[in-house]
Amino acid sequence: MESTLNVSVLDVILQPFSPTSYESWSNVAKPAASAFPNIRSESTIHLGNPIGSTKDSLDYSVPSLMGTAHEKSYKVNKIKTSLSKIPLPQSAASFYNGHSPQIEIVESCESIHGLNLFLKSKRDEVDAGVPGRFLHAVIGQDVSDVGSVASTIMYAFYLNKMLESPEFCTVPVINMKRTELNSHAELKWLLDSCQIDQSSLIFIDEIDLPYYDLFGSLKLVLLNGPKLPTKQEALKESVIEIFNCQKDERVYPWVKKVTVGQECASCTLIAEKFAMSSPEILAGQKFSRLLLAGILLDTGNLSSPHSTTKDKYMATLLLNGAGRFGCNGLYQILRYKLYDVSELRVADILGKDFKKWTRVGKLDNAGSRLMVSHVGMSSIGISVQQILAHGSASTWEIKQFQQLEKLRLLMIVSGYYDQQKNFKREILISTESVELMKNLLFFFNSNASQLPLKVLHQPGLGEEMRAFEIDKVTSRKTIERLLEDFGGGSSKVNVGSRPKPHDDIH
């Protein structure tokens, strides 16, 4: 690591707070003299000797400006992720906090510290098997979006604070595999930004819920829907609470505790509960940012037709969570990360928004069992040309993904805007045989009024892989329905799908 930063950094001067003096931090740009800024204060701060330090961050603390017995701590961090490519809007917060491309000053967040302690303790209990207690698991739908992950973590934390029951071990269970987190840059950035201890999170592949259900020690809290996803449907009798479902969506009549969502974002309802029970916890910037991010993405930055007055009210209450980016800036960062695939493998891009249909067909040659086949659809936000140019062996990686998911047919549906801001829809089809490709193209030709195709000439594609441009604006739902008709799908599994506000055509 270099011992000096080749940029001007901020010299932070901390002024003591008193009733007659409301001066806050003064930021004066000075030439860099060492690896970290020279920090001075009338308060005593223990920094050691930062000159020549090889650490990525520097810790120090000052008495709280609120005059309490608690101390606030600060870190001078090297910024891990560059946001220079993101067109952030101007905001007053950016002006007053200043800007440095390589460092940032991070204030400790007491509420996030408490949340991390909760996550760590529950992870330890689960690793020990939760002896003598009920596993009280909070779980959402199998969609890997920010709102679902944030609401799962935060509602589990809320229930743990409210119940305080020795019989229950309340834990959030993220309904995705841990490896899938790598394909969600927006989630990774948000969790890092909020200082969430990711090693303490529990993902669905790290806990054996059927084991607890078998011995009668599982109690489920279901979020954001009236019923469990297909993969967990066998656990339905363990559901004791449903949070954030529609009014007429009662599927499990035995569940007594049901919270109707009233069209609000789930993080809105959870933030409201914290505001009513312990509003001081929302003062933590990182804590409120996690909830605010869920609201902004679920409501399209509060501009969706489904956005409610309550969403806007709670987003205003959580405004501190946006920090120097402002609400618009935070939303732009999350949206950019959502569609940024520059650092992802081809398999991760295909898995971000992936659906699979299972078809039960005729008996096999021996007549002993039914044949099962799978059809899959991946939605991507880049052109077919870009996905094929994403690495030196992208065609091989697409085939590998198809084989890993055991698909007879994989359709990659591309939706993007060209340089003239025109929306483009393209598809890349990969089949397990030339015969299946011929059958599919014959089926599409017979449905040309719904899906008019124009051949895209891409070098290096074999007979089992073809690319087309769709010659009119066509929704993904139309393509999905045609795939279901062709495959005769009897059941559908959403492996990595997520909702996209304002995205009827994408």
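As the structure is a prediction and not an experimental result, all values here were calculated from the model.

### As for a nonpolar patch on the surface
Part 1 of the reasoning: Where nonpolar side chains cluster on the molecular surface, the patch consists of Tyr211, Leu214 and Phe215 and spans about 390 Å² of accessible area.
Part 2 of the reasoning: By relative accessible area, Leu214 is classed as exposed at 66%.

### Concerning the pattern of salt bridges
Part 1 of the reasoning: Within this structure, the stated rule accounts for 16 salt bridges.
Part 2 of the reasoning: Where Asp348 meets Arg345, a salt bridge forms, and the shortest distance between an N and an O atom there is 3.3 Å.
Part 3 of the reasoning: Of the charged contacts, one joins Glu405 and Lys356 as a salt bridge, the two residues approaching to 3.1 Å between their closest N and O atoms. With a gap of 49 residues between them, Glu405 in the loop between helix 12 (394-404) and strand 15 (409-417) and Lys356 in strand 13 (residues 354-363) connect regions that are remote in the sequence.

### Details of unusual backbone geometry
Part 1 of the reasoning: In this structure, Glu164 takes a positive phi of about 45° despite not being glycine.
Part 2 of the reasoning: Checked against the element boundaries, Glu164 lands in the loop between helix 3 (146-163) and strand 8 (168-174).
Part 3 of the reasoning: The exposure class assigned to Glu164 is exposed, which follows from its relative accessible area of 66%.

### A few points about the packing of helix 4 (residues 185-193) against helix 9 (residues 326-339)
Part 1 of the reasoning: Packing of helix 4 against helix 9 brings their axes to within 7 Å, and their N-to-C directions diverge by 135°. When the interaxial angle is binned, helix 4 and helix 9 end up oblique. Residues Ala185, Glu186, Trp189 and Leu190 of helix 4 lie in contact with helix 9, whose contacting residues are Leu330, Ile333, Leu334, Lys337 and Leu338.
Part 2 of the reasoning: For the contact of helix 4 with helix 9, the residue count by class is seven nonpolar, no polar and two charged.

### Some words on the packing of aromatic side chains
Part 1 of the reasoning: Applying the stated criterion to the full structure yields 16 aromatic pairs.
Part 2 of the reasoning: Residues Tyr417 and Phe423 carry aromatic rings whose centres are separated by 5.3 Å and whose planes lie at 65° to one another, so their mutual orientation is edge-to-face.
Part 3 of the reasoning: Among the residues examined, Phe423 registers a relative accessible area of 16% and is labelled buried.
Part 4 of the reasoning: Stacked on the ring of Phe134, the Lys or Arg Lys219 has its end atom at 4.9 Å from the ring centre.

### Regarding the confidence of the model for the chain
Part 1 of the reasoning: When pLDDT is averaged along the chain, the result is 79, and 73% of the positions lie at 70 or above.
Part 2 of the reasoning: Mean pLDDT across the elements of the chain ranges from a minimum in strand 1 (residues 9-14), with 35, to a maximum in strand 9 (residues 202-203), with 98.
Part 3 of the reasoning: In the predicted structure, residues 1-55 sits below a pLDDT of 50 and forms 87 contacts with residues beyond four places in sequence or in another chain.
Part 4 of the reasoning: Here residues 496-506 scores under 50 on pLDDT; set against residues more than four positions off or in separate chains, the count is 44 contacts.

Each value, and the rule that gives it
Residues numbered from 1 in each chain as written. Predicted model: local features only at pLDDT ≥ 70, side-chain atom pairs only at ≥ 80, totals over all residues. Heavy atoms only, no water. Patch = residues over 30% accessible without salt bridge, like charges linked within 9 Å, V, L, I, M, F, W, Y side chains within 5 Å. Areas by Shrake-Rupley, 256 points an atom, 1.4 Å probe, with all protein chains shown as cover. Salt bridge = Lys/Arg side-chain N within 4 Å of Asp/Glu carboxyl O. Buried < 20%, exposed > 50% of the residue type's maximum accessible area, 1.4 Å probe, protein only. Helix = DSSP H or I, 4+ residues; strand = E, 2+ residues; numbered from the N terminus. Axes fitted to C-alpha atoms, helices over the stretch in contact; angles between N-to-C directions. Parallel < 35°, antiparallel > 145°, perpendicular 65-115°, else oblique. Contact = heavy atoms within 4.5 Å. Nonpolar A, V, L, I, M, F, W, Y, C, P; charged D, E, K, R; others polar. Phe/Tyr/Trp six-rings, centres within 6.5 Å; stacked < 30°, edge-to-face > 60°. Lys NZ or Arg CZ within 6 Å of the ring centre and 35° of its normal. pLDDT = per-residue confidence, 0-100.

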